[in-house]
Structures are given as C-alpha cells and as structure tokens.
Amino acid sequence: MTTDDDNRPERQRVTLTGISSRAWEHPADRGALTALRELRGFDDVVRAIFGMWNERGFRLSYLAGAIRVDHRQYPRVYQRFTEAARTLDVPEPPELYVHQSPIIQGQAIGMDKPFISISTAAVEKLDDDELRTLLGREIGHVRSGHAVYQTILTLLTRWVTNISWIPVGAIALRAVIVAMYEWWRKAELSADRAGLLAAQDQGASIRLFMKMAGGGDLSQIDTTAFLEQAAEYEGGGDLRDSLHKLGMTAFNSEPFPVARAAELRRWVDAGDYARIIGGDYPRRDDDRDASVTEDVKAAAASYRDTLRTSPDPLVSLLRRAGGGAADMAGSAARGARDWVNGRGNDEN
C-alpha cells in the first residue's frame, strides 16, 4: 500500500526521555487517576470484583482472531509503533494487534498486561504520520493506566445490559457508568495529547480527526472548515441544542472528532506542547511525589475555566445565574481536598 507521505522527508522527532504520563494527562483525567492511585488496595478491590473476568482468555481471543504485529506481520505498522514508543521513551511497548473493522479506531485493553489493537481501516486509510499519531495515543492510554479502567467500563456496560430487567440495579450501575464516561472522555483528550507528542506533527493529529469523522478521503475536506464545525458545535444554537448535546454525550465514551480537534488546538495554543518539546515536562522518576491535592485543585480549575469560557448556551445561562456551576465545581474540589487531608491526618 502507498501512503500520502511516501515522498515526504522524514520528520525529526525529539525523544522525550523519562517523560511521565502526567505531562499529557488532562487535569480532570489526572486528578481522577491520582486519587485512584492514592487509594490503598484499590487495585486489589478491582481485581476481586472482576475476578471472574478471564484476561488471558480475552487476549487469546485476539491471538486467535486478529493479527499480532511484529517485523514480519504488518511491518509498516510495527515500524511506526516502535517509532512512537521510542519518542515517548517506552522501552518495552505492549503487544499490538490489528483487528478487522471498517472504522478507524484503536483501543488499549487489559488489567495486568494491557495490549493494544487497531483496526484494519486505520492501517489502510492512515498515512505514516497519522498512524504514528494513533499508535502514540494508545501507548499514552497504556502509560496512563487507562486500559484498566476502560476494561472496567466495558465490563460494567455489559453488566447493565444483562441486568436491565432489574430497575434498581440498572439505575445504580448507569449512574456509575455515566460518571466513568465523563472521566473517559477526558482520558481520550489526554491520549490525543500523547499522540501529538509521539508524532510531533500537528497537521497529522487534525487529519486523523478528520478521517475519523469523514471516512478517510481528505481530497474534498478542508481543515479550516472542519475547525469551523468545531466552533459551531461548541457554541452554536440555543438551549435546545445544549440539551441535545447532553443527551448525545452522556453515554458516549469518546468526545466527537470536531470537539477533540478544537481541544487539542487549545492545548497547543496555550503553549504546553511547545514547552514539553523544549524539554520542560514532569519525569517518571518524580511520579512518587505527585500530590493528589494539587491534582484535584488542577482538575477543579480546569472545570472552572471551561465553565467560564464555554460559549455553550446552557453554560452561559448558568454563568448569568451567578456562577452556581463554577461554585459547585469548586466546592466539590474543596471537599475532595479536605477528604484527602483528613485521611492523611488520620493515618499519622
């Protein structure tokens, strides 16, 4: 197969030596992850709850029904994968599979030994830079520990389907799933940043979103018009549109491609991408010193900034009502911070 970038000169990428996943994690994502990591025994509880799920069997299903990528099978994909891993300083990348699907997608799966799978559509429709971006996204998911919680979310969704005839059980699980979906949408934004850092090509990131939205043929798609769509989606319409968007996203695990493109552009425009490429980023060696209090505060600040600057009609109405939504986010953050501090005092 020929790709769009066969004749392009090889882009020189900066190796991000020792980079911590905290460098690319969205504040809301990082706050949740840090809190979970601080909960002693949380991983043991997760494994006890989902002990009936056979991870080895799940991996075997891919071993039997997909193609495991290496230097002999899908060598082009393997080369892009090793490049992305090297740039993100991941010496031992997870296993990678290609599964049959007409949709451009990737996923990180598993608890004890996560692995990555991408679709045949991704292999066929993405050029080298876009493919490197997608693979970097999934490496970012694994490095951030997202694969564990994505697996939990998948299993919970199956449980809801199986017990939907029990009203109380279904309602309780649906509430948990809605909360996890909100976190997962932020985790996807984190992965988008990891993908950009792996490929170090902003154009490739935007093209990837465009191909996810439009199927792969960019000959009739304009980048500027695509980003205009994002602006219209985020701020256009009236309260009815806002309510429709709430309904569309509540049980959606991924932000829409146009919204992801706009969010990534904001991250770049804020200077974070250039700062990391310049060598200013948190290191893995310092992860043990990460502060749950600071991460919770950063998450609350992120939500406040979104509420303050969002052009969405419903959010604008809440702001005019006196900033109640922002106060609510701040109160939640203060409560979480007080809980963490109180827990720390109890343990001393």
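A. Inspection of the overall build of the protein chain at higher detail. Summing up its helical and strand segments, the protein chain has 16 helices and 4 strands in all. Out of the 348 residues in the protein chain, the part that is buried amounts to 45%. Relative to all contacts within the protein chain whose residues are 6 or more apart in sequence, the contacts with residues 24 or more apart total 76%. Of the roughly 17600 Å² of accessible surface on the protein chain, a fraction of 53% belongs to carbon and sulfur atoms.

B. Structural context of helix H4 (residues 75-87). With 13 residues, H4 extends 18 Å from end C-alpha to end C-alpha; this agrees with the ideal 18 Å at 1.5 Å per step. Looking at H4, one finds that the buried residues are Val77, Arg80, Phe81, Thr82, Glu83, Ala84, Ala85 and Thr87.

C. Fine view of the packing of aromatic side chains. Using the criterion set out here, one finds 4 aromatic pairs in the structure. Look at Trp267 and Tyr273: their rings are 6.4 Å apart centre to centre, the planes differ by 55 degrees, and that puts the pair in the tilted class. The exposure classification of Trp267 matches that of Tyr273, with both residues buried. Three or more aromatic residues joined by ring pairs form one cluster here, namely Tyr62, Tyr97 and Phe115.

D. Fine view of helix H9 (residues 202-214). Over its 13 residues, H9 runs 18 Å from end to end, which matches the ideal 18 Å to within 8%, given 1.5 Å per residue. Regarding H9, the residues found buried are Ala204, Ser205, Ile206, Arg207, Leu208, Phe209, Met210 and Lys211. For H9, the N-terminal cap is Asp201; the gap from its side-chain oxygen to the backbone nitrogen of Gly203 is 3.1 Å. Within two residues after H9, Gly216 carries a phi angle of roughly 125 degrees, on the positive side.

E. Geometry of the sheet that holds strand E3 (residues 106-109). Reading across the sheet, the 4 strands line up as E1-E2-E4-E3 and stay open at both edges, with mixed pairing between neighbours. Two strands in the sheet have a free side with no partner beyond their single neighbour: strand E1 (67-68) and E3. In the sheet, E1 pairs with strand E2 (residues 96-99) via 2 bridges, with the strands oriented antiparallel. Bridge pairing links Ile67 to Val98 in E2.

F. Quick peek at the side chain of Ser205. Following the sequence through the fold, Ser205 ends up in helix H9. Given the relative accessible area of 1%, Ser205 is considered buried. In this view, Ser205 contacts Thr133, Leu196 and Leu264; residues no more than four positions away in its chain are not counted.

G. Inspection of the confidence of the model for the protein chain at higher detail. On average, residues of the protein chain carry a pLDDT of 76, and 59% of them reach 70 or more. The model gives residues 1-5 a pLDDT under 50, and that stretch makes 14 contacts with residues more than four places away or in other chains. Every residue in residues 323-330 is under pLDDT 50, and counting partners more than four places away or in other chains gives 11 contacts.

Rules and cut-offs
- Residues numbered from 1 in each chain as written.
- Predicted model: local features only at pLDDT ≥ 70, side-chain atom pairs only at ≥ 80, totals over all residues.
- Heavy atoms only, no water.
- Helix = DSSP H or I, 4+ residues; strand = E, 2+ residues; numbered from the N terminus.
- Buried < 20%, exposed > 50% of the residue type's maximum accessible area, 1.4 Å probe, protein only.
- Contact = heavy atoms within 4.5 Å.
- Areas by Shrake-Rupley, 256 points an atom, 1.4 Å probe, with all protein chains shown as cover.
- Expected span 1.5 Å × (residues − 1).
- Phe/Tyr/Trp six-rings, centres within 6.5 Å; stacked < 30°, edge-to-face > 60°.
- Polar contact = N/O pair within 3.5 Å; in protein donor to acceptor, adjacent residues only side chain to side chain.
- Pairing = 2+ DSSP bridges.
- pLDDT = per-residue confidence, 0-100.

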